[in-house]
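One-letter residues, chain by chain:
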Amino acid sequence: YNIDVHDNLTFLPNGKEFIWTSEKTGYNHVYLYDMKKGMSSQITSGDWEVTNFYGLHDGQVYFQAAKNSPMRREVYVKSLKGRDLPRPLAAEAGVSSAQFSDTYDYFVLTHSTINSPSTVTVMDGKGSSVRQIVDNMKLQQKMKTYGYQPVEFFDFKTEEGTTLNGYMIKPGNMRDGQEHPLLMHVYGGPGSQQVMDNWRGQNMAWFQMLVQRGFVVAVVDNRGTGARGEAMKKQTYLT
């Protein structure tokens, strides 16, 4: 069994309304509820998922979302009761996460891609860089020293017509027509993801070692994995 538990309940200062996130439309989104009437209004909408709710301040909601791709994450702000579209505070390709100050005037942005390790930067409330805290240049240099090979994303359709996302790492000396052993790495628990455009840490170091020994490494997110809506996540239930 897999039960999604979150702590996104946020009461408004007026004591009459609260914020909650739900996937009742098929994708996880932010809602505003009236405590007496039980009615709700949808704050975010679309065929994409809110993946983290950061908070509410001065009539604005702050959240992370897989809006551009289920393999990526961006940081957004949107007015609670306006019809404005979500405004990106951090939307560079890859995965971004944020930790906001109490006043939401600043936030600490952590960003990485699958081919570049995390950087940590202090940003102002408008999404402009103030000061970089971590650049990970030493690690980037070690990647070059150890001959890290670039990761390539791909997708394909199954026999049932479901599109699955994956990535592959090939040996640097690979040539057309050559045969190589293949390591197929899978973890596909409900709502999980292995195929994301973020730094993969220790597993990636192991993969790169195998690639240097002539292996091709492939990773695929199976049916039931996350950030692609409720139907995808629950596709394997009772099957």
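Scroll up a little and you will see the structure.
Computed from a predicted structure; not experimentally measured. (Residues numbered from 1 in each chain as written. Predicted model: local features only at pLDDT ≥ 70, side-chain atom pairs only at ≥ 80, totals over all residues. Heavy atoms only, no water.)

(A) Looking closely at the overall build of the chain. Counting its regular elements, the chain contains 3 helices and 16 strands. Principal-axis analysis of the C-alpha atoms gives the chain an extent of 65 × 50 × 30 Å. Relative to its full complement of 239 residues, the chain shows a buried share of 41%. Excluding contacts between residues fewer than 6 apart, the proportion of contacts in the chain whose partners are at least 24 apart in sequence is 42%. Within the structure as shown, the chain displays about 14000 Å² of accessible surface, and the carbon and sulfur contribution to it stands at 49%. (Helix = DSSP H or I, 4+ residues; strand = E, 2+ residues; numbered from the N terminus. Buried < 20%, exposed > 50% of the residue type's maximum accessible area, 1.4 Å probe, protein only. Contact = heavy atoms within 4.5 Å. Areas by Shrake-Rupley, 256 points an atom, 1.4 Å probe, with all protein chains shown as cover.)

(B) The arrangement of the pairing of strand β2 (residues 17-22) in detail. The element β2 is extensively covered by neighbouring structure, given that 5 of its 6 residues are classed as buried. Across 2 bridges, the pairing between strand β1 (residues 10-11) and β2 is antiparallel. Bridging from a neighbouring strand, Thr10 pairs with Ile19 of β2. Connecting the antiparallel pair β1 and β2 is a turn made up of 5 residues, with Gly15 showing a positive phi of about 70°. With 6 bridges connecting them, β2 and strand β3 (residues 29-34) associate as antiparallel partners. What sits directly across from Ile19, in β3, is Leu32. Turn length for the β2-β3 hairpin, with the two strands adjacent in sequence and antiparallel, is 6 residues, and the turn residue Gly26 shows positive phi of about 105°. (Pairing = 2+ DSSP bridges.)

(C) Representation of a nonpolar patch on the surface in the model. A contiguous nonpolar surface patch, about 370 Å² in accessible area, is contributed by Leu9, Phe11, Trp20 and Met35. Summarising the element assignment, Trp20 is placed in strand β2. (Patch = residues over 30% accessible without salt bridge, like charges linked within 9 Å, V, L, I, M, F, W, Y side chains within 5 Å. Salt bridge = Lys/Arg side-chain N within 4 Å of Asp/Glu carboxyl O.)

(D) Looking closely at the packing of aromatic side chains. Summed over all chains, the structure comprises 13 aromatic pairs. Taking 6.3 Å as the distance between ring centres and 80° as the angle between the ring planes, the aromatic pair formed by Phe153 and Tyr167 counts as edge-to-face. A residue pair is termed long-range when its members are at least 10 positions apart, and Phe153 in strand β13 (residues 151-157) and Tyr167 in strand β14 (residues 163-169) qualify at 14 residues. Residue classification places Tyr167 among the buried positions, given a relative accessible area of 3%. (Phe/Tyr/Trp six-rings, centres within 6.5 Å; stacked < 30°, edge-to-face > 60°.)

(E) Quick look at the sheet that holds strand β10 (residues 106-113). With respect to topology, 4 strands assemble into an open sheet ordered β9-β10-β11-β12, the strand pairing being antiparallel. A strand with exactly one partner marks an edge of an open sheet, and here the two such strands are β9 (95-100) and β12 (129-134). The sheet shows a mean angle of 25° between the axes of neighbouring strands, direction not considered. In the sheet, strand β11 (residues 116-124) pairs with β12 via 4 bridges, with the strands oriented antiparallel. Bridging across to β12, Val120 finds its partner in Val134. (Axes fitted to C-alpha atoms, helices over the stretch in contact; angles between N-to-C directions.)

(F) Focus on the sheet that holds strand β15 (residues 182-185). The sheet built from 4 strands is open, its strands ordered β13-β14-β16-β15 with mixed pairing. Edge positions in the sheet fall to β13 and β15, since each has one partner strand and no second. Along the sheet, successive strands turn relative to each other by an average axial angle of 25°, direction set aside. In terms of strand pairing, β15 meets strand β16 (residues 216-220) through 4 bridges, oriented parallel. Bridge assignment links Leu182 to a residue of β16, and that residue is Val216.

(G) Region of interest: the side chain of Glu74. Relative to the helices and strands, Glu74 resides in strand β7 (residues 74-79). One buried charged side chain, Glu74, makes no salt bridge at all; its nearest oppositely charged neighbour is Arg72, positioned 6.2 Å away. A polar contact is formed between the side chain of Glu74 and the backbone nitrogen of Asn68, at a distance of 3.4 Å. Looking at Glu74, its side chain comes within polar contact range of the side chain of Tyr76, at 2.9 Å. Here Glu74 is in contact with Phe63, Gln64, Ala65, Ala66, Lys67, Asn68, Ala90 and Ala91, once residues within four sequence places are set aside. (Lys, Arg positive; Asp, Glu negative; His and termini not counted. Polar contact = N/O pair within 3.5 Å; in protein donor to acceptor, adjacent residues only side chain to side chain.)

Worth remembering: the numbers are spatial, not functional.
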